[in-house]
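Listed below are the residues making up each chain.
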Amino acid sequence: QVQLVESGGGLVQTGGSLRLSCAASGRTFSSYNMGWFRQAPGKEREFVAAISRYSTTNYADSIKGRFTISRDNAKNTVYLQMNSLKPEDTAVYYCAADIVTRAVVGGTADYWGQGTQVTVSS
């Protein structure tokens with residue numbers, strides 16, 4: 001069982017930056033593939049970024065070059081550094097974890113956090 005708790009969301013102006021954190025419980029964090037998804041009002045949840053247990057990364061085209069995913073296995077935490085934020089990045093951001101990489105990228109991960117709100121003002 002893995003519990004995920006996101007933090008770091010907030011209100012930021014266009015062009016600003018935020019760093020989201022996702023703290024995971026359990027002693028096997030390093031075995032899990034981790035990902036970030038987001039859901040804007042009235043839209044479906046969409047993939048943002050993923051990092052495998054080997055630290056291989058994968059990004060959605062919409063955020064490539066602006067967002068960076070990383071992990072610190074010693075702290076059981078995965079991060080999403082978001083730069084050059086745009087109003088269209090406004091959404092609730094969710095952390096996900098799964099043993100299987102394609103489950104994280106595909107949005108069918110076993111474990112999800114409660115989400116953290118990111119609002120980008122124009």
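Quick look at the structure, then.

Definitions and limits used
Residues numbered from 1 in each chain as written. Predicted model: local features only at pLDDT ≥ 70, side-chain atom pairs only at ≥ 80, totals over all residues. Heavy atoms only, no water. Pairing = 2+ DSSP bridges. Helix = DSSP H or I, 4+ residues; strand = E, 2+ residues; numbered from the N terminus. Axes fitted to C-alpha atoms, helices over the stretch in contact; angles between N-to-C directions. Core = buried A, V, L, I, M, F, W, Y, C linked by side-chain atoms within 4.5 Å. Buried < 20%, exposed > 50% of the residue type's maximum accessible area, 1.4 Å probe, protein only. Contact = heavy atoms within 4.5 Å. Disulfide = S-S within 2.5 Å. Phe/Tyr/Trp six-rings, centres within 6.5 Å; stacked < 30°, edge-to-face > 60°. Lys NZ or Arg CZ within 6 Å of the ring centre and 35° of its normal.

1. Digging into the sheet that holds strand β8 (residues 77-82)
Across the sheet, which stays open at both edges, the four strands sit in the order β1-β3-β8-β7 with antiparallel pairing between neighbours. Each edge of the open sheet is held by one strand with a lone partner, namely β1 (4-7) and β7 (67-72). Adjacent strand axes in the sheet meet at a mean angle of 15° when their direction is disregarded. Where strand β3 (residues 18-24) and β8 come together, six bridges link them in antiparallel fashion. The partner of leucine 18 across the bridge, within β8, is methionine 82.

2. Quick notes on the nonpolar core
Formed by 37 residues in total, the largest nonpolar core has its most connected members in Leu4, Met34, Trp36, Val78, Leu80, Met82 and Tyr93. Leave out the neighbours within four places in its chain, and leucine 4 touches Cys22, Ala23, Ala24, Met34, Cys95, Ala96, Ala97, Tyr111, Trp112, Gly113 and Gln114.

3. With respect to the pairing of β1
Only one face of β1 is buried, namely the one carrying Leu4 and Glu6, since none of Val5 and Ser7 on the opposite face is buried. Sheet topology note: the β1/β3 ladder contains four bridges and is antiparallel. Following the sheet pairing, serine 7 is matched in β3 by serine 21.

4. Some details on the state of the cysteines
Counted according to the given criterion, the structure contains one disulfide. A disulfide bridge connects cysteine 22 with cysteine 95, and the sulfur atoms are separated by 2.1 Å. Between cysteine 22 and cysteine 95, the S-S torsion sits near -80°, and that sign places the bridge as left-handed. A residue pair is termed long-range when its members are at least 10 positions apart, and cysteine 22 in strand β3 and cysteine 95 in strand β9 (residues 91-98) qualify at 73 residues. For cysteine 22, a relative accessible area of 0% puts it in the buried group. With a relative accessible area of 0%, cysteine 95 lands in the buried category.

5. Examining the packing of aromatic side chains
Applying the stated criterion to the full structure yields three aromatic pairs. The interplanar angle of 70° and the centroid separation of 6.1 Å between the aromatic rings of tyrosine 32 and tyrosine 111 together place this pair among those described as edge-to-face. With tyrosine 32 in the loop between β3 and β4 (33-39) and tyrosine 111 in strand β10 (residues 111-112), this residue pair connects regions lying 79 residues apart in the sequence. An identical accessibility class is assigned to tyrosine 32 and tyrosine 111; each is buried. Grouped by ring-pair contacts, the aromatic residues Phe37, Phe47 and Trp112 constitute a single cluster. Directly above the aromatic system of tryptophan 112 lies the positively charged group of arginine 45, at a separation of 3.8 Å from the ring centroid.

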